[in-house]
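Descriptive analysis of the structure
Here is what each chain is made of, one letter per residue.
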Amino acid sequence: MYRIFLAEDDETLCTLIKKHLESWGYEVTAAEDFLNITGEFIRSEAQLVLLDLKLPRFNGFHWCEEIRRISQVPIVFLSSAADNMNIVMAMSRGADDFIPKPFDLEVLSAKVQAILRRAYSFGMGADLLERGGAVLNLGSGTLSYQGNSVDLTRNELRILNLLFSQGGKAVSRESIMQMLWENDDFVDDNTLTVNVNRLRRKLEGIGLGGMIVTKKGLGYMVP
């Protein structure tokens, strides 16, 4: 089942689109906080975004750029302002398609199906994890924070993936080493310390120096 994130402030239209796409088997999350579209998108773990152009406070162009900073999921604009300039601006900001309003719901679902088929037939994922405003992209192996990003090694990515996934709970050193062992990379206690220290230096470089916390007798955690 594909997951779709829908940012549409017209409640009636939003409900119609959501119900129609759900009838086709999609899991649809509708935006509620229009000041935090990026955060809601991350939590939805969506594989496609439907984005209205005219939204409260910030328009769709702004949110398209913000999502593109952290993800390559398909983005489709929905708007009655379908003049050539808006279409060009949408595409230049990373959109994949632009559907003019009003539109037929059957046409919308057909376009959604076609875009998802093209995007994911090559295995592109939408694996994002978020803690404290930092976004871990499992597909690209990067960590982003406030417009900055850093590339991670395979072990660094695995360590952060485990810590992010625990929702603020401490993970023992033994559990981290076991996780890396299962992935065919033997890591002894000293090597793990080196990996964590190197990772901390990378995080410090993008303003996340205190992200990995050592809990004495318990292990590591990301609050």
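Residues numbered from 1 in each chain as written. Predicted model: local features only at pLDDT ≥ 70, side-chain atom pairs only at ≥ 80, totals over all residues. Heavy atoms only, no water.

Quick notes on the packing of aromatic side chains
- Scanning the entire structure with this criterion turns up 4 aromatic pairs.
- Ring geometry for F61 against F77: centres 5.7 Å apart, planes inclined by 50°, an arrangement best described as tilted. Of the two residues, F61 is situated in helix α3 (residues 60-68) and F77 in strand β4 (residues 75-79); the sequence distance between them amounts to 16 residues.
- Aromatic ring contacts, followed pair by pair, group F61, F77 and F98 into a single cluster.
- Just above the ring of F61 sits the side chain of R93; from NZ or CZ to the centre is 5.1 Å. (Phe/Tyr/Trp six-rings, centres within 6.5 Å; stacked < 30°, edge-to-face > 60°. Helix = DSSP H or I, 4+ residues; strand = E, 2+ residues; numbered from the N terminus. Lys NZ or Arg CZ within 6 Å of the ring centre and 35° of its normal.)

Looking at the pairing of strand β8 (residues 142-145)
- Neither face of β8 is open: one carries T142 and S144, the other L143 and Y145, and all of them are buried.
- The pairing of strand β7 (residues 134-137) with β8 spans 3 bridges and is classified as antiparallel. Looking at β8, one finds that N137 is bridged to T142.
- Counting the residues that bridge the hairpin from β7 to β8 gives 4 residues, and of these G141 lies at a positive phi of roughly 70°.
- With 4 bridges connecting them, β8 and strand β9 (residues 148-151) associate as antiparallel partners. (Buried < 20%, exposed > 50% of the residue type's maximum accessible area, 1.4 Å probe, protein only. Pairing = 2+ DSSP bridges.)

Quick look at the nonpolar core
- By size, the foremost hydrophobic cluster in this structure holds 45 residues, and its most contacted members are F41, L50, L51, F77 and L78.
- Here this core takes 6 residues from helix α5 (residues 105-120), the largest share from any one element.
- If we skip the residues at most four places from it in the chain, L78 touches L6, I17, L50, L51, D52, L53, I99, K101, F103 and L108. (Core = buried A, V, L, I, M, F, W, Y, C linked by side-chain atoms within 4.5 Å. Contact = heavy atoms within 4.5 Å.)

Observations regarding helix α6 (residues 154-165)
- The first and last C-alpha atoms of α6 sit 16 Å apart over 12 residues, in line with the 16 Å expected at 1.5 Å per residue.
- Across the 12 residues that make up α6, a large majority, 9, are buried.
- Turning to α6, its buried residues number three or more, namely N155, E156, L157, R158, I159, L160, L162, L163 and F164.
- Backbone geometry just after α6 places G167 at a positive phi near 60°. (Expected span 1.5 Å × (residues − 1).)

Here we look at the sheet that holds β8
- Pairing in this open sheet of 4 strands is antiparallel, and the strands run β6-β7-β8-β9 from one edge to the other. Each edge of the sheet is formed by a strand with only one pairing partner; in this case those strands are β6 (128-131) and β9. Taking each pair of neighbouring strands and ignoring which way they run, the sheet shows an average axis angle of 20°.
- The sheet contact formed by β6 and β7 spans 4 bridges and is antiparallel. In the sheet register, E130 faces β7, and the bridge partner there is V135. (Axes fitted to C-alpha atoms, helices over the stretch in contact; angles between N-to-C directions.)

So, the sheet that holds strand β2 (residues 27-30)
- As summarised here, the arrangement of the 5 strands in space is β2-β1-β3-β4-β5, forming an open sheet in which the pairing is parallel. This sheet does not close on itself; its edge strands, each paired only once, are β2 and β5 (97-100). Direction aside, the axes of adjacent strands within the sheet are offset by 20° on average.
- Of the strand pairs in this sheet, strand β3 (residues 48-52) and β4 are connected by 4 bridges, and their pairing is parallel. Its bridge partner being in β4, V49 is matched across the sheet by I75.
- Along the sheet, α3 makes contact with β3 and β4, crossing β4 at roughly 175°.
- Packing of α5 onto the sheet brings it into contact with β1 (3-7), β3, β4 and β5, and relative to β3 it is tilted by some 135°.

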